[in-house]
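So the chains spell out like this:
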Amino acid sequence: MIALSVSKNQIPIPNIEGTEAETTVSFFQGGHKESLYWGTYRPNVYLGIRARTPQSLVAGLMWTCVKDGRFSMRHVCQNADELKKYGWMRHNGRDYGHQELVDQDMTLMTSFFKSKEDGSGYGGDWTVRIDVRNENSKLSEDLQQTAHLFFYLADEDGNALSLSRDLLDIHDNSLLAFGSRKDIGSWHLHLTSMDDLEVHYSGFKTPHIHNLSDLVQQNLGAQVRKFGHLQLSDTSDDSSNILVFQISGSIPFRADIAFVSGTDLGGNSRLKDRLNSLTGTLLTTRLDEKEREFDDKFKNSFSLTDELDFESISIGKAAVANLMGGIGYFYGQSKISLPKTSDFKSGERYISYWPAELYTAVPSRPFFPRGFLWDEGFHQLLIWRWDIQICLDIVGHWLDLMNVEGWIPREQILGAEALSKVPEEFVLQHPTNGNPPTLFLVLRDLVFGMKKNKFTAAERDQISSFLERAFVRLEAWFQWFNTTQSGMATSSYFWHGRDNTTTRELNAKTLSSGFDDYPRASHPGDEERHLDLRCWMLLAADCMYSISKLLRKEKELGKEYGSTAKLLSDFAILNQIHVCLMFLQMHFDDAYGAYFDFGNHTEKVRLSWQEVGGTNHYASRELVREVLERPRLRFVPHIGYVSLFPFMWRILPPDSLILEKQLDLISNRSILWTDYGLRSLSKTSSMYMKRNTEHDPPYWRGPIWMNMNYLILSSLHHYSKENGPYKDKAKTMYSDLRSNLIRNIVRNYQQTGYFWEQYDQKKGKGKGARVFTGWTSLVLLIMAEAYSEW
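What counts and what doesn't
- Residues numbered from 1 in each chain as written.
- Predicted model: local features only at pLDDT ≥ 70, side-chain atom pairs only at ≥ 80, totals over all residues.
- Heavy atoms only, no water.
- Helix = DSSP H or I, 4+ residues; strand = E, 2+ residues; numbered from the N terminus.
- Rg over C-alpha atoms; globule rule 2.2 N^0.38 Å.
- Buried < 20%, exposed > 50% of the residue type's maximum accessible area, 1.4 Å probe, protein only.
- Pairing = 2+ DSSP bridges.
- Axes fitted to C-alpha atoms, helices over the stretch in contact; angles between N-to-C directions.
- Parallel < 35°, antiparallel > 145°, perpendicular 65-115°, else oblique.
- Left-handed = near helix turned anticlockwise from the far one by under 90°.
- Contact = heavy atoms within 4.5 Å.
- Nonpolar A, V, L, I, M, F, W, Y, C, P; charged D, E, K, R; others polar.
- 1 Å grid on protein atoms, 1.4 Å probe; cavity = no way out; pocket = protein on both sides within 12 Å on 5 of 7 lines; lining within 4 Å.
- Points joined across faces, edges and corners; volume = space filled by probe spheres on them.
- Core = buried A, V, L, I, M, F, W, Y, C linked by side-chain atoms within 4.5 Å.
- Polar contact = N/O pair within 3.5 Å; in protein donor to acceptor, adjacent residues only side chain to side chain.
- Phe/Tyr/Trp six-rings, centres within 6.5 Å; stacked < 30°, edge-to-face > 60°.
- Lys NZ or Arg CZ within 6 Å of the ring centre and 35° of its normal.
- Disulfide = S-S within 2.5 Å.
- Salt bridge = Lys/Arg side-chain N within 4 Å of Asp/Glu carboxyl O.
- pLDDT = per-residue confidence, 0-100.
- Expected span 1.5 Å × (residues − 1).
- Bend = angle between axes of the 7 residues up to and from the residue.
- Patch = residues over 30% accessible without salt bridge, like charges linked within 9 Å, V, L, I, M, F, W, Y side chains within 5 Å.
- Areas by Shrake-Rupley, 256 points an atom, 1.4 Å probe, with all protein chains shown as cover.
- Lys, Arg positive; Asp, Glu negative; His and termini not counted.
- Charge placed at Lys NZ, Arg CZ, Asp CG, Glu CD.

Undergrad: So what about the overall build of the protein chain? Which residues, and what values?
TA: For the protein chain, the count of helices and strands is 18 helices and 34 strands. The C-alpha atoms of the protein chain give a radius of gyration of 28 Å, which matches the 28 Å a tight globule of 790 residues would have. Dimensions of the protein chain, computed from the C-alpha atoms along their principal axes, are close to 90 × 75 × 60 Å. Going through the 790 residues of the protein chain one by one, you find that 59% of them count as buried.

In structure tokens, the structure reads:
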């Protein structure tokens, strides 16, 4: 059901038509919002800066590279650029970050620094230092000895930006541009350098910035054709809202670009002092201080043991730095799919969500530079340990995206920049479909930390206040899952959204579960029972019960959550339920000693080449799904990550024979165990490493994923400390799996310069999206042995 209105007795959330029904509750305010106003909040570009406001001043960096004798432009993160390496080496998420980018023989080092001084405008001032160096001692061709950088400033509001009267000699006048905005007052942009640099410019007037690379390349191309020089035209459109500055110089060189706000609030001497503090030797001192602060905070936050070498610790720093440096701010409207039976705006396939903002980490800068709901819970397991305020801020933004029904769109594609990176078939969000409520993972951590006095008094107040304000949304979220995703059998659930009419997929995908092509019942239907969702509901119910007790609401609100958690954690019920004088097996198959999904299933399904009618009377061949046996209601006999959810959620008693069977499955090399981590699907599965369509290679059908390995490792750590007959076995498995995971991630990072989305189960090689510093950054928590406790 799509919510189109909001009553005053319901949650004060905007309606889905795009108009504000009521004012939303803000989860960030005051000095905290101002302190995080500016940041590197454009993770989709190699270096991008913006403010946390819908129509912001936006800054960024481009540069040219010679490849196969031709110039190409670098701007948006993409694998096709074939950079040897790029990523944040240090980033605190607030006011400092240092990044290294290696492009062929050139190394770019970018440092971001922000400060709030007397007289500065809202959000303060910021500066970018760019160091350009040769990767090799001497470049071979003349063309490669000069670097061409392009730093730009754009106003998304369309406000005109003013050029300095004399910006071509930076040693006489460092001012590049100036302007004024309501949020920050008047501002200046300065460029300073001790090196001999050449500066050119071009101004554009356009409502879009996501195609800025094309505009710059067109301008350069025209200049090359006319004059044979690779330089901007030194012209500007009337009322330009985008200014691009070309900075050219012989490698090596350094340039500082400083943004000074509130220039109308102080005298010239104060402005000069602020500018001096943002450039040159004073900036060097401040960056050195921030580097030491980052290293000290890293040491205090994660307490890595002496067993880890310097290289592993450096990679741990890169993990948290890239996660924090990958935090972005987005604003726009999601596109919500209409039911096929809907006659709303006849002919339209979707309606627009309300205009919304989202402050969030992202999984991957080149491939997934936007918010994903189920990823974010894993991101926050690390972020709350680094900065609790940023964590609460992000979780609050996600909860503010909830509609009146309690549904949150699982993928957030907000704004033109985000939309430009997403294939059309993934744009529409479906209000019948959920996504694992992983935000409860971090909320459970916070509640447990409160009980164990892990936080300061100020942090305790912040967390308690946040939970008070968030409680009504969390209740709505839980109830949405409990009513829309419940199954036919008591205490069962299933993921909605599977296509029961597919003729192209070997196994209908379950995108809503996060496990995409993980094998489920061959024939989707309402009789399905999905084990992982049942366990996610246990997490949600238990967390809601804990929050209600913490807030002293257990008598009025917590009783239902407590009884639901007790039901879903009941070991006997999980294994079988007595119904109508018959035993109905819920999820445990004693013959396999494993837990499974249940549904209408046959193993005899395959993809086969068949001739289909084509255009112009020519037949074509396509891979088509072929069912060779009538399906029946049964367990879906595929051992993998889903099978281990009861183990991950620690439902199994420490003295249970079933626990021993789970440990045997995990440690069996013919099933899940490898020298690089646990594979997602057993080698014995009929779906192991099978393509799902002609064009879809196996995704969750064998490769190693860090988020699930982290949860499994966390439970091994738990059972290794529980008294029982399998304590020692769990301890040995924990130690071996932890070593395997760390060693493989470190080795891949050393060899490639990147973290990866997944890892090959045969040789451990990084696969899928690279620069995947979302949940793969959990390797740092594995290094620190920092796991969830409850």
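Undergrad: Quick rundown of the sheet that holds strand 8 (residues 125-134)? Include the residues and the values.
TA: Pairing is antiparallel across the open sheet formed by 8 strands, whose spatial order is 5-6-7-8-16-12-11-10. One side of each edge strand has no neighbouring strand; the edge strands of this open sheet are strand 5 (85-91) and strand 10 (162-163). When strand 7 (residues 106-115) meets strand 8, the two strands line up antiparallel, connected through 10 bridges. Within strand 8, the residue paired with T107 across the bridge is R133.

Undergrad: Tell me about the packing of helix 9 (residues 439-451) against helix 10 (residues 457-484), residues and numbers included.
TA: Two numbers describe how helix 9 lies on helix 10: the axes approach to 12 Å, and their chain directions differ by 140°. In terms of their interaxial angle, helix 9 and helix 10 are classed as oblique. The way helix 9 lies across helix 10 gives a crossing that is left-handed. On the side of helix 9, the interface is formed by L439, F440, L443, L446, V447 and M450, while helix 10 contributes R460, I463, S464, F466, L467, L474 and W477. Residue composition of the contact of helix 9 with helix 10, grouped by class: 11 nonpolar, 1 polar and 1 charged.

Undergrad: Tell me about the layout of surface pockets, and please be specific about residues and values.
TA: There is about 400 Å³ of room inside the second largest pocket. As for the second largest pocket, its lining consists of 24 residues, and the residues nearest its centre are E156, Y331, G415, A416 and E417. Looking at the lining of the second largest pocket residue by residue, the classes come out as 11 nonpolar, 8 polar and 5 charged.

Undergrad: Describe the nonpolar core, listing the residues and the values that go with them.
TA: Core analysis: the biggest nonpolar cluster contains 211 residues, and F302, F378, W536, W649 and M708 have the highest contact counts within it. Take this core: its biggest share by element is 12 residues, from helix 11 (residues 531-550). Apart from residues lying up to four places away in sequence, F302 is in contact with V320, L382, R385, W386, L780, L781 and A784. The next biggest cluster of nonpolar side chains, apart from the first, holds 15 residues, and it includes V58, M62, F150 and I209.

Undergrad: Which residues make up the side chain of R498, and what are the values?
TA: By the secondary structure assignment, R498 is in the loop between helix 10 and helix 11. Exposure remark for R498: the relative accessible area of 11% places this residue in the buried category. Among the polar contacts made by the side chain of R498, one reaches the side chain of N507 at a distance of 3.4 Å. Among the polar contacts made by the side chain of R498, one reaches the main-chain carbonyl oxygen of A508 at a distance of 2.8 Å. In this structure R498 touches N507, A508, K509, T510, R520, A521, P524, E528 and H530, once residues within four positions along its chain are discounted.

Undergrad: Please give an account of the environment of D387 that cites residues and values.
TA: Within the fold, D387 resides in the loop between helix 6 (373-386) and helix 7 (388-399). Each residue touching D387, except ones within four places of it in the same chain, is listed here: R94 and K297. At 2.6 Å, the side chain of D387 and the side chain of R94 are in polar contact. In terms of polar contacts, D387 uses its side chain to reach the backbone amide nitrogen of Q389, at 3.2 Å.

Undergrad: If you had to explain the packing of aromatic side chains to someone new, which residues and values would you point to?
TA: Applying the stated criterion to the full structure yields 48 aromatic pairs. Aromatic side chains F298 and F302 sit 5.4 Å apart centroid to centroid with 55° between the ring planes, which places their arrangement in the tilted category. Taken together, the residues span about one helical turn, with F298 and F302 both in helix 4 (residues 280-302) at a distance of 4 residues. For the pair shown, F298 and F302 are each scored as buried. The positively charged end of K297 is found above the aromatic ring belonging to W386, 4.7 Å away from the centroid. In this structure, R529 packs its charged tip against the face of F598, placed 3.9 Å from the ring centre.

Undergrad: So what about the state of the cysteines? Which residues, and what values?
TA: Enumeration over the complete set of coordinates arrives at 0 disulfides. The closest cysteine sulfur to the non-disulfide-bonded C77 is located on C65, 15 Å from its own sulfur. Free cysteine: C391, not disulfide-bonded; nearest cysteine sulfur from C543 at 12 Å.

Undergrad: Kindly report on unusual backbone geometry, identifying the contributing residues and their values.
TA: Phi is mostly negative for residues that are not glycine, and the peptide bonds are mostly trans. The residue after I251, namely P252, is reached through a cis peptide bond having omega 5°. Looking at the secondary structure, you find P252 in the loop between strand 15 (242-250) and strand 16 (253-261). The backbone phi angle of E785 is positive, close to 50°, even though this residue is not glycine. When its relative accessible area of 31% is taken as the criterion, E785 is described as partly exposed.

Undergrad: Describe the pattern of salt bridges, with residues and values.
TA: Applying the stated rule across the entire model yields 35 salt bridges. For D81, the salt bridge is made with R74, and the minimal N-O distance between the two is 3.3 Å. For the salt bridge of E411 with R370, the shortest nitrogen-to-oxygen distance reads 2.7 Å. Note that E411 is positioned in strand 22 (residues 411-412) and R370 in the loop between strand 20 (356-360) and strand 21 (371-372), a separation of 41 residues in sequence. Each of the two residues, E411 as well as R370, counts as buried. Taken together, the shared-partner salt bridges connect R90, E291, D295 and K317 into one network.

Undergrad: I'd like to hear about the confidence of the model for the protein chain, residue by residue, with values.
TA: Per-residue confidence for the protein chain gives a mean pLDDT of 90, with 91% of residues at or over 70. The low-confidence segment residues 578-582, where pLDDT is below 50, has 3 contacts with residues more than four positions distant or belonging to other chains.

Undergrad: Which residues make up the packing of helix 15 (residues 657-667) against helix 17 (residues 727-752), and what values go with them?
TA: The contact between helix 15 and helix 17 brings their axes to 11 Å, and the two run at 25°. The orientation of helix 15 with respect to helix 17, classified from their angle, is roughly parallel. In terms of crossing hand, the pair formed by helix 15 and helix 17 is left-handed. Here L663, D664, I666 and S667 of helix 15 come into contact with helix 17, specifically with K729, A730 and M733. Residues of the contact of helix 15 with helix 17, tallied by class, amount to 4 nonpolar, 1 polar and 2 charged.

Undergrad: Provide a residue-level description of the environment of M706, including the pertinent values.
TA: Residue position: M706 is located in helix 16 (residues 706-719). Looking at M706, the relative accessible area reads 1%, which means it is buried. Residues M706 and R181, spaced 525 residues apart in sequence, show a C-alpha to C-alpha distance of 44 Å. Ignoring sequence-local partners within four residues, the contact set of M706 consists of L741, I745, Y759, W775, T776, L778, V779 and I782.

Undergrad: Account for helix 10, with residues named and values stated.
TA: Across its 28 residues, helix 10 extends 39 Å between first and last C-alpha, which sits within 8% of the 40 Å expected from 1.5 Å per residue. A470 marks the point of greatest bend in helix 10, at about 50°. Within helix 10 the residues assigned to the buried category are I463, F466, L467, A470, F471, R473, L474, A476, W477, F478, W480 and F481. For helix 10, the secondary structure elements touched by its buried residues are helix 6, helix 7, helix 9, helix 11 and helix 12 (554-568).

Undergrad: Tell me about a positive patch on the surface, and name the residues and values.
TA: Positive charge collects at one region of the surface, where K683, K762, K763 and K765 lie side by side. Looking at where K683 falls in the secondary structure, it is placed in the loop between strand 32 (677-678) and helix 16. K683 gets classed as partly exposed once you look at its relative accessible area, which sits at 44%.

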